[in-house]
Number of protein chains: 2
Amino acid sequence: MQNGKMPYQPKQTPISSLGEFKLIEHLTRPFSHQQVSTLKGVGDDAAVIHINDHHAMVVSTDLLVEGIHFDLMYTPLKHLGYKAVVVNLSDIYAMNATPRQITVSIAISSRFTVEALDELYEGIAAACQRYKVDLVGGDTSSTLKGMVISVTAIGDAHPAQITYRNQAQIGDAICLSGDLGSAYLGLQILEREKRIFLDNPAAQPDLEEQSYLIGRQLKPEARHDIVALLAKHRIKPTAMIDVSDGLSSDLLHICTQSGIGCRIIEEYIPVHTDTLEVSAQFQLPPITCMLNGGEDYELLFTVSPQDATYIEQNLYGIAIIGHTVPADEGYTIISRGGNEHRLSAQGWKHL
Amino acid sequence: MQNGKMPYQPKQTPISSLGEFKLIEHLTRPFSHQQVSTLKGVGDDAAVIHINDHHAMVVSTDLLVEGIHFDLMYTPLKHLGYKAVVVNLSDIYAMNATPRQITVSIAISSRFTVEALDELYEGIAAACQRYKVDLVGGDTSSTLKGMVISVTAIGDAHPAQITYRNQAQIGDAICLSGDLGSAYLGLQILEREKRIFLDNPAAQPDLEEQSYLIGRQLKPEARHDIVALLAKHRIKPTAMIDVSDGLSSDLLHICTQSGIGCRIIEEYIPVHTDTLEVSAQFQLPPITCMLNGGEDYELLFTVSPQDATYIEQNLYGIAIIGHTVPADEGYTIISRGGNEHRLSAQGWKHL
């Protein structure tokens, strides 16, 4: 090389060095908003578009890729269609809004038949029926290999009723609908049975006993009942998110965006008996499945102390698992043994 | 086999036996609408959601798959990002609406670097800037192989100003912005240069001479200027669509949905001199490229005879290429030689 100079090498940063959330932040940071109607862009469960003083639209979108998000060896196409819709509706409910319409785009290789797509769309139709949303558009195309599904959900709400991630206040109670960790263990069971089947195709799995956990993985529901219950009792959460990535990661989204800390109590977090039993089989601490499992699609939200008292005394199905604290007190979980641990997006570390 | 009965075989219909439009119709036919706000679902350039008497939202979505819709051997990532946005905005303009927000989801394999995504998002940002739309959301995930991009565009319009495909009237003039066939020939040039390069990697393609055709393929624009021009002159098309699949296919969408026929004149359809020259090199009749090429993203629309007279006398850049006729007169194109041919979605057949 002349003059000892290195030849020009463009910088090549692997995506994995950033992780999903930092990558999104990196890519979208240069974008500014030009439309006055854009109330909320990237960074919440859904975007919010201003219509007028009484009306805002809420939009959320997800992309599901075969081999990454679903495995057709153990996922019935009807369940896949249902779940693809439900996970998007869950984002709309997490804004305290009502979903109204969806678009569904699919790309498929030639290995899929019309009958296979009929099954997928039966599941989509079942979700539309149950959640009263209309399929209004989409796109159909080919892939060289595998299936891709993209769903966009559109909902609406009174602007004052919308709950963002960044409005939790210090001293709020942290609330959770339903139990955690079950969808993750459902996935572990399905993966185990897949391995057994691949080793010995004559093996007949008996999955009936674990129908709760497997159902949570394959056919989750969005908690519209919780949104309706809170509305009926005139409780507006200060912040809300759906638990898709795991309690740790999703609670930290609320905390970091609201500029606060949190203190949650392990024994207050609801857990199903099947989760306890099967986590023991897999030699996994149940709390690890609950904090990091993901795909539970429960609602995690904060409410004022007064609303928390009302919820404790009057409402069923909502657990108060802790409270928010000043940012400098950090993110803490108190274990069943009474020890304090630091909560992190990857799990929890001993202090 | 007992009793001569065949064992049960589930029906296996290949997707290819239906084609895209029939497949979409087949899959979405069982869906009914439950929301009163759904004004228009599947079957137009975009869905239409009622807000109030003065306001409707318009939503369109597209899924682009590497190896099917784009080839990264000759598509710069910046252009790809730009085009992915523009083709969706084109659908919003084709409803006579104004795009305001987009969501962009991407799925990528580990072969892509942060720098590669930066280029893609530069193109997305350039399109947002030019068309004054905000990026408000999306999703980022992995694939085992290749890239997938899903864009959803959201716009708005006064409900009375929205143009559907199914409202063309008998006797309307058929209008077209810009020229046709150029994007398709741009693609042919790029594919040819790719083959030459694969045969001989030392070959240096000189693409400068064909910058018009290649530009039409790699960096199309959406015709917001035409929508603005028509609005300025208070002309509302009776029906409108953007030319994405080719003039034949897209004109037939208007005709079949409006329940009418058409009669267009080959020599009235604008064609660029480069299109004529390069189609000769490829030994393709230029009319075939114009009718079936696709990806021109020009606007094709119908207007009343009075509006047609006004356009002819006062507006520049809009060609009147024929008129609509009763359905029983069919779909006809008059060739330069004066012969009548039947227009079909696959091209045109001699009568």
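Residues numbered from 1 in each chain as written. Chains lettered and ligands numbered in written order. Predicted model: local features only at pLDDT ≥ 70, side-chain atom pairs only at ≥ 80, totals over all residues.

1. Some remarks on the overall build of chain A
The condition that has to hold: Counting from the N terminus, the helices are DSSP H or I runs at least four residues long and the strands are E runs at least two residues long. Radius of gyration here is computed from C-alpha atoms only, and the compact-globule reference equals 2.2 Å multiplied by the residue count raised to the power 0.38. Backbone-placed C-beta atoms define the burial measure: a residue is buried with 20 or more other C-beta atoms within 10 Å of its own, exposed with 12 or fewer, and partly exposed in between. Whether two residues are in contact is decided by their C-beta atoms, placed from the backbone, lying within 7 Å.
For chain A, the count of helices and strands is 10 helices and 14 strands. Relative to the compact-globule value of 20 Å for 351 residues, chain A shows a C-alpha radius of gyration of 22 Å, a close match. By its C-alpha atoms, chain A is 65 × 55 × 55 Å across when sized along the principal axes. Here chain A, with 351 residues, has 49% of them falling under the buried criterion. The long-range share in chain A, meaning contacts at least 24 apart out of those at least 6 apart in sequence, stands at 82%.

2. Considering the pairing of strand β8 (residues 239–242) of chain A
Residue and element names in this part refer to chain A. Condition: At least two bridges found by DSSP between two strands is the condition for calling them paired.
Side chains Ala239 and Ile241 of β8 all project onto a buried face; the interleaved residues Met240 and Asp242 project onto the opposite face, where all are buried too. Where β8 meets strand β10 (residues 299–303), 4 bridges bridge the pair, whose relative direction is antiparallel. Counterpart to aspartate 242 in the pairing with β10 is leucine 299.

3. Details of the relation of the copies chain A and chain B
For clarity, the cut-off: The least-squares superposition of copies is restricted to C-alpha atoms, and to residues with a pLDDT of at least 70 in both copies.
Taken as rigid bodies, chain A and chain B are interconverted by a rotation of 180° and an axial shift of 0.0 Å, the fit giving an RMSD of 0.0 Å. Classification of the inter-copy transformation places it as that of a two-fold axis. When C-alpha distances to the rotation axis are compared across chain A, the minimum falls at Ser150(A), with a value of 3.5 Å.

4. Here we look at unusual backbone geometry
All names here are of chain A. The phi dihedral of arginine 234 falls on the positive side, at around 55°, and the residue is not glycine. Take arginine 234: it is sitting in the loop between α6 (224–232) and β8. Positive phi is not limited to glycine here, since glutamate 295 has a value of about 65°. What makes glutamate 295 partly exposed here is the crowd of 19 C-beta atoms within 10 Å.

5. Focus: the nonpolar core
Definition in use: Defined on buried residues, the nonpolar core groups Ala, Val, Leu, Ile, Met, Phe, Trp, Tyr and Cys residues joined through C-beta atoms within 7 Å.
The biggest cluster of nonpolar side chains holds 199 residues, and the ones touching the most others in it are Val58(A), Val85(A), Val148(A), Val58(B), Val85(B) and Val148(B). For Val85(B), the residues in contact, after removing those within four places along its chain, are Ile102(B), Ile124(B), Ala127(B), Cys128(B) and Val151(B).

6. Some points on the interface of chain A and chain B
Stated precisely, the cut-off is as follows: Note on residue classes: Ala, Val, Leu, Ile, Met, Phe, Trp, Tyr, Cys and Pro are nonpolar, Asp, Glu, Lys and Arg are charged, and everything else, Gly too, is polar.
Residue-level contacts link 69 residues of chain A with 69 residues of chain B. At the level of elements, α1 (20–28), β2 (47–52), β3 (55–65), β4 (98–108), α3 (114–131), β5 (134–142) and β6 (148–157) of chain A are the ones that each hand at least two residues to the side of chain A that touches chain B. Among the elements that make up the side of chain A that touches chain B, the one with the highest residue count is β5(A) (9 residues). Looking at the side of chain A that touches chain B residue by residue, the class counts come to 32 nonpolar, 28 polar and 9 charged.

7. Thoughts on helix α6 (residues 224–232) of chain B
Residues and elements named next belong to chain B. Defined as follows: Note that the arc is defined by the directions from the helix axis to the C-beta atoms.
Within α6, the full set of buried residues consists of Ile226, Val227 and Leu230. Angular distribution of buried residues about the axis of α6 spans 100°; they occupy a single face of the element. Summarising the geometry of α6, the exposed residues directed more than 90 degrees from the buried face are Ala228 and Lys232. Looking at the buried side of α6, the elements it contacts are α2 (77–93), β7 (173–177), β10 (299–303) and β11 (318–326). Count one or two residues on from α6 and you reach arginine 234, which has phi positive near 55°.

8. Let's talk about the packing of α2(B) against helix α3 (residues 114–131) of chain B
Residue and element names in this part refer to chain B. Which entries qualify depends on this criterion: For every element, the axis is a line fit to its C-alpha atoms; helices are fit only across the contacting stretch, and the angle between N-to-C directions ranges from 0 to 180 degrees. An angle counts as roughly parallel when it lies under 35 degrees, as roughly antiparallel when it exceeds 145, as roughly perpendicular when it falls between 65 and 115, and as oblique in every other case. We call a crossing left-handed when the near helix sits turned anticlockwise from the far one by less than a right angle, and right-handed when that turn is clockwise.
Orientation of α2 relative to α3, taken along the N-to-C sense of each, is 40°, at an axis distance of 6 Å. Between α2 and α3, the angle falls in the class oblique. Between α2 and α3 lies a crossing whose hand is right-handed. Across the interface between the two elements, Leu77, Lys78, His79, Leu80, Gly81, Tyr82, Val85, Val86 and Leu89 from α2 touch Ala116, Glu119, Leu120, Tyr121, Glu122, Gly123, Ile124, Ala126, Ala127, Cys128 and Tyr131 from α3.

9. A word on the domain arrangement of chain A
Residue and element names in this part refer to chain A. As a reminder of what qualifies: In this document the domain limits rely on a domain assignment from an automatic tool or a database.
As assigned here, chain A comprises domain 1 (35–161) and domain 2 (173–350). The gap between the C-alpha centroids of domain 1 and domain 2 is 23 Å. Contact with domain 1, which involves 17 residues of that partner, is made by 19 residues of domain 2. Counting residues per element, the side of domain 1 that touches domain 2 draws most heavily on helix α2 (residues 77–93), at 9 residues. Across the side of domain 1 that touches domain 2, the residue classes break down as 9 nonpolar, 5 polar and 3 charged.

10. Topic: the pairing of β11(B)
Regular strands place side chains that alternate from one sheet face to the opposite one. Residues and elements named next belong to chain B. Of the pairings in the sheet, the one linking β7 to β11 comprises 5 bridges and is antiparallel in character. Bridge pairing in β11 links cysteine 175 to isoleucine 320. Pairing of strand β9 (residues 260–265) with β11, which is carried by 5 bridges, proceeds in the antiparallel orientation. Counted as the bridge partner of cysteine 262 is threonine 324 from β11.

11. So, the sheet that holds strand β1 (residues 38–40) of chain B
Residues and elements named next belong to chain B. Sheet architecture is open: 6 strands sit in the order β1-β2-β3-β6-β4-β5, paired in mixed fashion. Each edge of the open sheet is held by one strand with a lone partner, namely β1 and β5 (134–142). Along the sheet, successive strands turn relative to each other by an average axial angle of 20°, direction set aside. Relative to the sheet, α2 contacts β3 (55–65), β4 (98–108) and β6 (148–157), its axis offset from that of β6 by approximately 30°.

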